[in-house]
Structure formats: C-alpha cells, structure tokens
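Single-letter residue listing:
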Amino acid sequence: MAAQTEEIAGLVESVIRPLIDNPDDLVIDARETEDGSIFVEVRVNEEDAGKVIGRQGRAIKAIRTLARAAASSTNTHVDVELLD
C-alpha cells in the first residue's frame, strides 16, 4: 500500500473513531484502484452508522471532503464509502 493511501486511511480512521461507540468494530480498507485513485471502505457497527452519516449526511460529506483535500496536493481522487 502506498504511503499516501495509508495516510488517507489513517486520517479517515482518526476522524471516525471518536464519533462511534464501538471502536473495536471499525474496519477501514483503503486501496489504490487501477486508474490511480484511492478507494476507502469504512465498516462500522450498525448502531454507529447513523453517527458516521450524520444529519442529512453532513458528517460523511465532511469526511469525504477532508480525505479529498488531503490528497489534492498530488491531484489524486479519493472516494470514501460507508458499507453496511
């Protein structure tokens, strides 16, 4: 895994971990796709999904914005998805 991919995964984890009640259930899988972008999958406990999404999706939108801003210096596209 490239250093930038690890940094983005660490950033996403550091933002999400304080939001949830079950941090042991947090799983983050980050990988580079064939086109060079970074894809981050986030899995949390069912009870915590609403906290990560936030009202009207504001929290997950903010997490995506932070991840994209962190990768913008290298013009790398980042996609963060919350999986059930």
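Reading guide: rules and limits
Residues numbered from 1 in each chain as written. Predicted model: local features only at pLDDT ≥ 70, side-chain atom pairs only at ≥ 80, totals over all residues. Heavy atoms only, no water. Core = buried A, V, L, I, M, F, W, Y, C linked by side-chain atoms within 4.5 Å. Buried < 20%, exposed > 50% of the residue type's maximum accessible area, 1.4 Å probe, protein only. Helix = DSSP H or I, 4+ residues; strand = E, 2+ residues; numbered from the N terminus. Axes fitted to C-alpha atoms, helices over the stretch in contact; angles between N-to-C directions. Parallel < 35°, antiparallel > 145°, perpendicular 65-115°, else oblique. Left-handed = near helix turned anticlockwise from the far one by under 90°. Contact = heavy atoms within 4.5 Å. Nonpolar A, V, L, I, M, F, W, Y, C, P; charged D, E, K, R; others polar. Patch = residues over 30% accessible without salt bridge, like charges linked within 9 Å, V, L, I, M, F, W, Y side chains within 5 Å. Areas by Shrake-Rupley, 256 points an atom, 1.4 Å probe, with all protein chains shown as cover. Salt bridge = Lys/Arg side-chain N within 4 Å of Asp/Glu carboxyl O. Lys, Arg positive; Asp, Glu negative; His and termini not counted. Charge placed at Lys NZ, Arg CZ, Asp CG, Glu CD.

(A) Structural detail: the nonpolar core. Val12, Ile16, Val40, Val42 and Val80 are the most contacted members of the largest nonpolar core, which totals 19 residues. At the level of elements, helix 1 (3–16), strand 2 (38–43), helix 3 (58–71) and strand 3 (78–83) are the ones that each hand at least two residues to this core.

(B) Region of the structure containing unusual backbone geometry. One non-glycine residue with positive phi stands out, namely Gln56, at about 55 degrees. Judged by its relative accessible area of 66%, Gln56 is exposed. In the Ramachandran plot, Asn75 falls in the positive-phi region, its phi being about 55 degrees despite a non-glycine side chain. Residue class for Asn75 comes out exposed when judged on its relative accessible area of 74%.

(C) Layout of the packing of helix 1 against helix 3. Closest axis-to-axis distance for the helix 1/helix 3 pair is 10 Å, and the angle between their directions is 150 degrees. Classified by the angle between their axes, helix 1 and helix 3 sit roughly antiparallel to one another. When the axes of helix 1 and helix 3 are compared, the crossing they make is right-handed. Every residue of helix 3 that contacts helix 1 at Gln4, Ile8, Leu11, Val12, Val15 and Ile16 is listed here: Ile63, Leu66, Ala67, Ala70 and Ala71. Residues that form the contact of helix 1 with helix 3 fall into these classes: 10 nonpolar, one polar and no charged.

(D) Representation of a negative patch on the surface in the model. A cluster of like negative charges, contributed by Asp24, Asp25, Glu46, Glu47 and Asp84, occupies part of the molecular surface. Relative to the helices and strands, Asp24 resides in the loop between helix 1 and strand 1 (27–32). Looking at Asp24, the relative accessible area reads 75%, which means it is exposed.

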